[in-house]
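A structural walkthrough
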Amino acid sequence: MSQARILPLVGPLLVLYLTLEVLGSSEVLDPVAVVVCAFAVGFAVLPWWVLRARRELTGARRVAMLGIGCGVALVRVADPVAPSLTLDLAAVLAFPFVGALTVHLAFDAPDSPPAIARRRRWILGIVGLGVLSALSAGVAVVPLEWTGGVIVPARWILIAPAYLVFAWGVALILRLSRRRVGSTPEALAAGGSAHLATWTALAAAVTALSLAWTGTLPSTSIGVRGLAVAAGAALLAGHVVMLGVRRQVHAGRNTRVVIAATLTLVLVGVGAGFVVDELALEPIPFGVTVAFVLLLGAFLHRALEGAVNRLLAPYGGRLVAGCEEALAKAVGATTLAALGEAVLPALRRAADTTDAEPLLFTIDPPRSVRVDAAAAAHVDERELPSALHDVLEARTGEIVVAAPLAEQVVRRADLRPLVSALESVDALCVVPLSMDFELEGALVVPRGRRRGALTLEEIDALERLGRHIGGQVAMLGQQERARLRTRDAVVEREQLSEELEAANEELSRLRADSRTLKAGGIAERNVEPAIAYSAAMRAVMRKVDALAPVEAPVLVVGEEGSALDRVARRIHAASGRRHGAFVVAECPSVRPERSDAALFGEADEEHPGWLRLAEGGTLLLADIPALSLSAQASLAESLATRRAVLADGTGSYAVDARVIATSRVPLGSLVAAGAFDPELARRLEPLLLEVPPLRERREDLPSLVLLALDRVCRVTGRPVLGIDREALDVLEAHDWPGNLRELSSVIERAVASAGDKNIAIGDLPPLAAAVAPPDPWTGTYAEIEARVLVRALERAEGNKSEAARSLGLKRTTFLDKLKRHGLHGASTDDEAEPPTVVA
């Protein structure tokens, strides 16, 4: 028959035999002894129940043997004065046996951490000491003839119960040390019941032995025997509960409550024992004394409870207290920063160091909250490490504890990213913050100075904290997502508004470009009336008519300020290409190194090149000497071959555009100075058209003045003004070295100074100052800005969108500036009366 089947039978039979020995040795049946023996039999039957229900659990067989040992020892306690050698020998063997088993269970039940397992040899020392104590106590109870005449003091029999007290003290120390040697939270929680049982048994045993030893109570008293039964019952019950499979979250807390209560009762009892003889029996003094004792006991219990918590609670109870503080302060937090200031400082204090950095993460949007040394929260855009996010998603609602993972990383390489993520934030554990099984965030609890494992009591506190603030994080996350959506909508609306405005500007530009490209079809309407009353100008007009039908390139030369572009436009309007585009290319506006690209285009450029833009029409190269010499040489070759090569050399195309070039100086002098390509000059100079300066065409001056007045008044939005005869005489007498540009500047300034109807001689600016080209920076900032706006409108022929684009301004900004300077009525569509000359 196996040991598992023999033990449930042998234990109760042995205790029954000893019970009969007790009952048979007494002349009078003691009811208390019968009750104690009944408890002893119950203790002996307990192993059968334990082995049947939990035989696969570690320590189940030893707990069964512990029940038998407690039963045997309790039989002797039932009648301690009964004369029986059998009972005495059974007791002196049972006490060390129970003590050694308690220590053995404290080593490896419910688990065996490596730090304790390496000290298993200590068990041999404890067991050897128990055997020695059993032999010493046994010698004291055997007959004298068995010892060979050696007289042993009778008090040696107390060695056996003294060893029991010693062993229980060692077991208590082992249970306390488990928190620092790597026991799992479940094992610590399960061991809490054994811890509580050992403490209770030790306190009861010490109290019973003290009462019996000092003679306060006889060993046969109900108090002493009751304490013995309580010690055995507590010891067995705690170890049986230790073998349970449920999470015993509150075992540690209950242990501390019982210990504090026990110490309070013992101290109050001892104090009462010393003064019991001095108590007055009168009702009033006695009542006052009792009330004082109760009040003293309450204060004593409060002090002992705090001391026991600091000594026995996991890590001094800091983390549990921190969670409770965070729970209380988190109520009512309406922002993520406020929630961080409520929760994180308490967790930092729980880590017992100011260097610890607890963190609060949210998933959507990704944010992290930390607190500085002043407990002020800082919210950053930071994501939870991906390894932590993945494991929290996979383990819904489960706290990730760092220590067990660090132990497994040697055997499981797949845990390295997770362990590295935990080490990067110095995490003791990471608490998931969930709502409706959706991960909303995570709370990183820092390790700080702590090196012990988490207990179930602490895990339960962290879970409660996580459940509470998980809902708050979910709500704050929803608010933040709504705020971000609103912000994105506003930003998107502003972007769309800017894109719409840019599209409108681009549309205006494209329309302007379209007008430019289609200028050939409406050239006659855009060209101002020809002012050619002078002989020199009539000769120019005749030559224009002669050159217009010719396809060869034309060179137009004139002094600074002459309207060379208008002459070129008349050539185009009279040519066979008048229905094609008339493209004006300002050569000085292009950097020399970009001249080839601007003239011929590139394969990967949006700008196709001036020659291709002017296909089927006319290309006006204004101030052609500003082109680089390489571009001039390439243009000469293109004019000769009627093909142009792209600037990047990736291809070529046929040239179908007439070229008209303008220059302020004769090309011959530039060729002589090496500033112009000789071949290009040879191809341009045959069809040369020289525009006379304004001083050689004084007959045209009155008409030019009236034309300039009409244009300036239209641009500025004023009624068309006339001019006094005296003022016109002054203008006719001037030499106009700045030509038409100077005349336009003088008329602009005169219109600005004129009254309602005519320009008087006093409205004219000093012509001596106007001999040289006018200084554009003369006047106040407002006057300069007004002139810039007017000049832009003139160039754009009154088109406000085109004028705004040329200045690099938004159309709305340009219109605001016009309104500020009183130019908001400017329009090319305004009707105006014809200018008149007042005699």
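Look a little higher up for the structure.
Right, let's walk through the structure included here. All values reported here derive from a predicted model rather than from experimental measurement.

**Here's the deal with empty space enclosed by the protein**
Tallied over the entire structure, the rule returns two cavities of 30 Å³ or more. Approximately 50 Å³ is the volume found for the second largest cavity. In this structure, the second largest cavity is lined by Tyr315, Leu319, Leu347, Ala350, Ala351, Leu428, Val445, Pro446, Arg447 and Arg450. Here the residues of the lining of the second largest cavity are counted per class, giving eight nonpolar, no polar and two charged.

**Things to note about the packing of helix α3 (residues 60–78) against helix α4 (residues 85–108)**
The interhelical angle for the contact between α3 and α4, taken along N-to-C directions, is 150 degrees, at an axis separation of 8 Å. Classified by the angle between their axes, α3 and α4 sit roughly antiparallel to one another. Taken as a pair, α3 and α4 cross one another with a handedness that is left-handed. Of the residues contributing to the contact of α3 with α4, the split by class is 16 nonpolar, three polar and four charged.

**Looking at the sheet that holds strand β6 (residues 438–446)**
The strand order across the open sheet formed by six strands is β3-β2-β1-β6-β5-β4, and the pairing between neighbours is antiparallel. Whereas interior strands pair on both sides, the edge strands pair on one side only; in this sheet they are β3 (377–380) and β4 (400–401). Where strand β2 (residues 367–371) and β3 come together, four bridges link them in antiparallel fashion. Looking at β3, one finds that Val369 is bridged to Val379. Together, β4, β5 (427–435) and β6 form the strand contacts of helix α14 (residues 386–394), whose direction differs from that of β6 by roughly 120 degrees.

**Considerations on the sheet that holds strand β9 (residues 618–622)**
The five strands lie next to each other as β8-β9-β12-β7-β13, forming an open sheet whose pairing is parallel. Whereas interior strands pair on both sides, the edge strands pair on one side only; in this sheet they are β8 (582–586) and β13 (688–690). With direction set aside, neighbouring strand axes in the sheet form an average angle of 20 degrees. Bridge analysis of β8 against β9 gives five bridges, and the strand direction is parallel. Bridging across to β9, Ala585 finds its partner in Leu621.

**Quick notes on the environment of Val691**
As for its position among the elements, Val691 is in the loop between β13 and α26 (701–716). With 155 residues separating them in the primary sequence, Val691 and Ala536 have C-alpha atoms 8.5 Å apart.

**What to know about the pattern of salt bridges**
One pass over the full model with this rule turns up 26 salt bridges. Across the salt bridge formed by Arg591 and Glu593, the nearest N and O atoms sit 2.9 Å from each other. With respect to burial, Arg591 and Glu593 carry one shared label: exposed. Taken together, the shared-partner salt bridges in this structure form one network comprising Glu325, Lys329 and Arg349.

**A closer look at the layout of surface pockets**
A probe as big as a water molecule, rolled over the atoms, marks out the empty space that is left. Its volume calculated, the second largest pocket comes out at about 790 Å³. In this structure, the second largest pocket is lined by 30 residues; those nearest its centre are Val77, Phe95, Leu158, Pro161 and Leu209. Within the residue set of the lining of the second largest pocket, elements represented by two or more residues are α3, α4, α7 (159–177), α8 (185–214) and α9 (222–242). The element best represented in the lining of the second largest pocket is α8, accounting for six residues. In the lining of the second largest pocket, the residues fall into 26 nonpolar, two polar and two charged.

**Describing a negative patch on the surface**
Together, Asp390, Glu393, Asp436 and Glu438 make up a negatively charged patch on the protein surface. Mapped onto the elements of the fold, Asp436 is located in the loop between β5 and β6. Looking at Asp436, the relative accessible area reads 64%, which means it is exposed.

**Observations regarding the packing of aromatic side chains**
Scanning the model with the defined rule gives two aromatic pairs in all. With centroids separated by 6.3 Å and ring planes inclined at 55 degrees, the aromatic side chains of Phe39 and Phe43 adopt a geometry described as tilted. In this pair, Phe39 and Phe43 both sit in helix α2 (residues 31–54), four residues apart, roughly one turn of the helix. Of the residues examined, Phe39 reaches a relative accessible area of 40% and is grouped as partly exposed. Judged by relative accessible area, which is 8%, Phe43 ranks as buried. Centroid distance Tyr163 to Phe166: 6.2 Å. Interplanar angle 45 degrees. Geometry classified as tilted. Placement of both Tyr163 and Phe166 in helix α7 is noted, with a separation of three residues, approximately one turn of the helix. Owing to a relative accessible area of 4%, Tyr163 belongs among the buried residues under this scheme. Arg612 extends its terminal NZ or CZ atom over the ring of Tyr653, reaching a point 4.7 Å from the ring centre.

**Here's the deal with the nonpolar core**
Counting 51 residues, the largest nonpolar core has Leu66 and Trp168 as the members making the most contacts within it. Put simply, the parts of the chain that give this core at least two residues each are α1 (3–25), α2, α3, α4, α6 (121–141), α7, α8 and α9. Residue contacts for Trp168: discarding those within four places in its chain leaves Val98, Gly99, Thr102, Thr198, Ala201, Leu202, Ala205, Ala231 and Leu235. Ranked by size, the runner-up nonpolar core spans 36 residues in total, among them Val343, Leu428, Leu433 and Leu462.

Conventions used here
Residues numbered from 1 in each chain as written. Predicted model: local features only at pLDDT ≥ 70, side-chain atom pairs only at ≥ 80, totals over all residues. Heavy atoms only, no water. 1 Å grid on protein atoms, 1.4 Å probe; cavity = no way out; pocket = protein on both sides within 12 Å on 5 of 7 lines; lining within 4 Å. Points joined across faces, edges and corners; volume = space filled by probe spheres on them. Nonpolar A, V, L, I, M, F, W, Y, C, P; charged D, E, K, R; others polar. Axes fitted to C-alpha atoms, helices over the stretch in contact; angles between N-to-C directions. Helix = DSSP H or I, 4+ residues; strand = E, 2+ residues; numbered from the N terminus. Parallel < 35°, antiparallel > 145°, perpendicular 65-115°, else oblique. Left-handed = near helix turned anticlockwise from the far one by under 90°. Pairing = 2+ DSSP bridges. Contact = heavy atoms within 4.5 Å. Salt bridge = Lys/Arg side-chain N within 4 Å of Asp/Glu carboxyl O. Buried < 20%, exposed > 50% of the residue type's maximum accessible area, 1.4 Å probe, protein only. Patch = residues over 30% accessible without salt bridge, like charges linked within 9 Å, V, L, I, M, F, W, Y side chains within 5 Å. Areas by Shrake-Rupley, 256 points an atom, 1.4 Å probe, with all protein chains shown as cover. Lys, Arg positive; Asp, Glu negative; His and termini not counted. Charge placed at Lys NZ, Arg CZ, Asp CG, Glu CD. Phe/Tyr/Trp six-rings, centres within 6.5 Å; stacked < 30°, edge-to-face > 60°. Lys NZ or Arg CZ within 6 Å of the ring centre and 35° of its normal. Core = buried A, V, L, I, M, F, W, Y, C linked by side-chain atoms within 4.5 Å.

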